[in-house]
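Listed here are the chains, written in short residue letters.
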Amino acid sequence: MSRSLLVFGNGMGLALNSEYFSLKNGLTRVWNDTGHLSEKHKELILSAIEGTTQENPPCSEEQLDQLQVAIIATEYLCNFEVSGTSWVSSEAKELPSAFKKYIHEVALHFHRSGNYLPDDFLDPLSDYIKDTRSHVVTLNYDNLLYDGFKSKNVLDGYNGPLIDGFWASAGFDEDHLNRHNVSRHGWYMHLHGSPLFIGNNKVMGAGRDFLDPENESHIVLTHVEHKPLIIGSSHILSSYWRRLEKAFEESDKIILFGYSGLDVHLNERIKLRKGEKELLIVEWSGAGEESRRRNYWEKKVGFGRFELFQLDNILDFNAW
């Protein structure tokens with residue numbers, strides 16, 4: 001059976017619990033409930049995003065554009081400090097740290113949903129991965145698919161069909177993504193990171209309940225224009241993106257599952273494969289009328305011919 005490259009977006013979580021996995025709701029809930037953001041930190045974040053207030057906090061990736069620019073400018077100016085002279089106030093210097101804490105908490109929010117993918121969805125998907133050694137990439141921040149694959153022995157070190165570069169004993173190393181037998185393993189690539197990645201390790205089991213925001217995290221949650229910058233600053237995420245090209249080469253089909261189509265840096269990679277790969281798109285039927293959605297996807301990823309499945313609940317899909 002031929003190999004595929006499966007791309008999973010936030011639509012998977014939305015299909016399971018649309019209220020909890022809404023990014024807007026996650027951003028707002030963490031802003032209101034977290035104990036990790038002081039009032040001073042909130043004021044710093046609000047000062048960098050036009051139109052936001054305590055009553056109307058950030059609620060989308062697009063709003064984070066101005067904040068990311070402010071962070072880049074702050075870090076840049078801090079590099080010019082000489083003999084105690086600074087161009088940045090002591091409070092402003094805390095902006096990068098405050099933002100990272102906020103984003104880390106938002107990602108943890110999705111990890112702590114208490115939801116699980118149904119076996120009716122996981123079983124045929126897991127069987128497909130085991131049969132084909134297809135590659136899997138994720139663009140979200142939840143643990144639904146990861147924990148589901150762990151329970152089905154899809155992710156089981158070198159004993160399972162997918163590897164993600166982490167060893168329990170040694171943490172992450174790009175060399176751990178090397179496959180001694182290419183036909184035996186595919187890659188599981190967290191393209192936008194995870195709140196479980198702290199430094200060079202992945203926190204598992206009961207340790208997840210004690211996670212605190214860290215500066216040394218690997219999470220991409222910002223305006224699309226800045227995502228490549230964040231990816232490039234993480235040795236873990238950069239390793240996955242370097243492997244992505246090889247994953248495309250090895251796959252006969254690309255499957256987009258619950259993906260919004262808004263990540264330009266990924267779409268450009270997909271466009272390079274038009275005419276040489278099959279494309280299957282699985283999306284929520286509420287996204288729009290079929291002909292309009294076909295036009296949308298052709299503009300986004302460049303494919304003129306592809307299969308489009310629109311379902312009331314995408315978790316009902318099992319025609320892998």
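Preceding this paragraph is the structure being described.
Just so it is clear, the model here is predicted, and its values are computed rather than measured.

Caption draft 1: Structural context of the packing of helix H2 (residues 23-33) against helix H5 (residues 95-111). Here H2 crosses H5 at 120°, and the two axes come no closer than 9 Å. On the basis of their axis angle, the class for H2 and H5 is oblique. Two packed elements cross with a definite hand, and for H2 against H5 that hand is right-handed. Residues Leu23, Gly26, Leu27, Arg29, Val30 and Trp31 of H2 lie in contact with H5, whose contacting residues are Tyr102, Glu105, Val106, His109 and Phe110.

Caption draft 2: Looking closely at the side chain of Ser22. Among the structural elements, Ser22 can be located in the loop between helix H1 (11-16) and H2. For Ser22, the residues in contact, after removing those within four places along its chain, are Leu14 and Phe110.

Caption draft 3: Representation of the pattern of salt bridges within the structure. In the structure shown here, the tally under the stated rule is 11 salt bridges. One salt-bridge network, in which partners are shared between bridges, spans Glu245, Arg269, Arg273 and Glu276.

Caption draft 4: Here's a closer look at the pairing of strand S1 (residues 4-8). Most of S1 sits inside the fold, with five of its five residues counted as buried. Residues Ser4, Leu6 and Phe8 line one face of S1 and the alternating positions Leu5 and Val7 line the opposite face, and both faces are buried. Bridge analysis of S1 against strand S10 (residues 253-257) gives five bridges, and the strand direction is parallel. Within S10, the position partnered with Phe8 by the bridge is Phe257.

Caption draft 5: Focus on the packing of aromatic side chains. With the rule as written, the count across this model stands at 15 aromatic pairs. On the basis of an interplanar angle of 35° and a centroid distance of 5.5 Å, the ring pair of Phe121 and Phe257 is categorised as tilted. Note that Phe121 is positioned in helix H6 (residues 119-132) and Phe257 in strand S10, a separation of 136 residues in sequence. Accessibility classification places Phe121 together with Phe257 in one group, the buried group. A connected cluster of aromatic rings, assembled from ring pairs, spans Phe8, Phe121, Tyr128, Phe257, Phe309, Phe317 and Trp320. Sitting over the face of the ring of Trp187, Arg179 holds its NZ or CZ atom 3.9 Å from the ring centroid.

Caption draft 6: Quick peek at H6. With 14 residues, H6 should cover 20 Å at 1.5 Å per step; its first-to-last C-alpha distance of 19 Å lies within 8% of that length. Residues of H6 that are buried: Phe121, Leu122, Leu125, Ser126, Tyr128, Ile129 and Thr132. The buried residues of H6 occupy an angular sector of 160° when projected down its axis, which confines them to one face. When the buried face of H6 is taken as reference, the exposed residues oriented beyond 90 degrees from it are Asp120 and Asp131. Packing partners of the buried residues in H6 comprise S1, H1, strand S2 (135-138), helix H7 (144-151), strand S3 (162-163) and S10.

What counts, and where the lines are drawn
Residues numbered from 1 in each chain as written. Predicted model: local features only at pLDDT ≥ 70, side-chain atom pairs only at ≥ 80, totals over all residues. Heavy atoms only, no water. Axes fitted to C-alpha atoms, helices over the stretch in contact; angles between N-to-C directions. Helix = DSSP H or I, 4+ residues; strand = E, 2+ residues; numbered from the N terminus. Parallel < 35°, antiparallel > 145°, perpendicular 65-115°, else oblique. Left-handed = near helix turned anticlockwise from the far one by under 90°. Contact = heavy atoms within 4.5 Å. Salt bridge = Lys/Arg side-chain N within 4 Å of Asp/Glu carboxyl O. Buried < 20%, exposed > 50% of the residue type's maximum accessible area, 1.4 Å probe, protein only. Pairing = 2+ DSSP bridges. Phe/Tyr/Trp six-rings, centres within 6.5 Å; stacked < 30°, edge-to-face > 60°. Lys NZ or Arg CZ within 6 Å of the ring centre and 35° of its normal. Expected span 1.5 Å × (residues − 1). Arc of directions from axis to C-beta.

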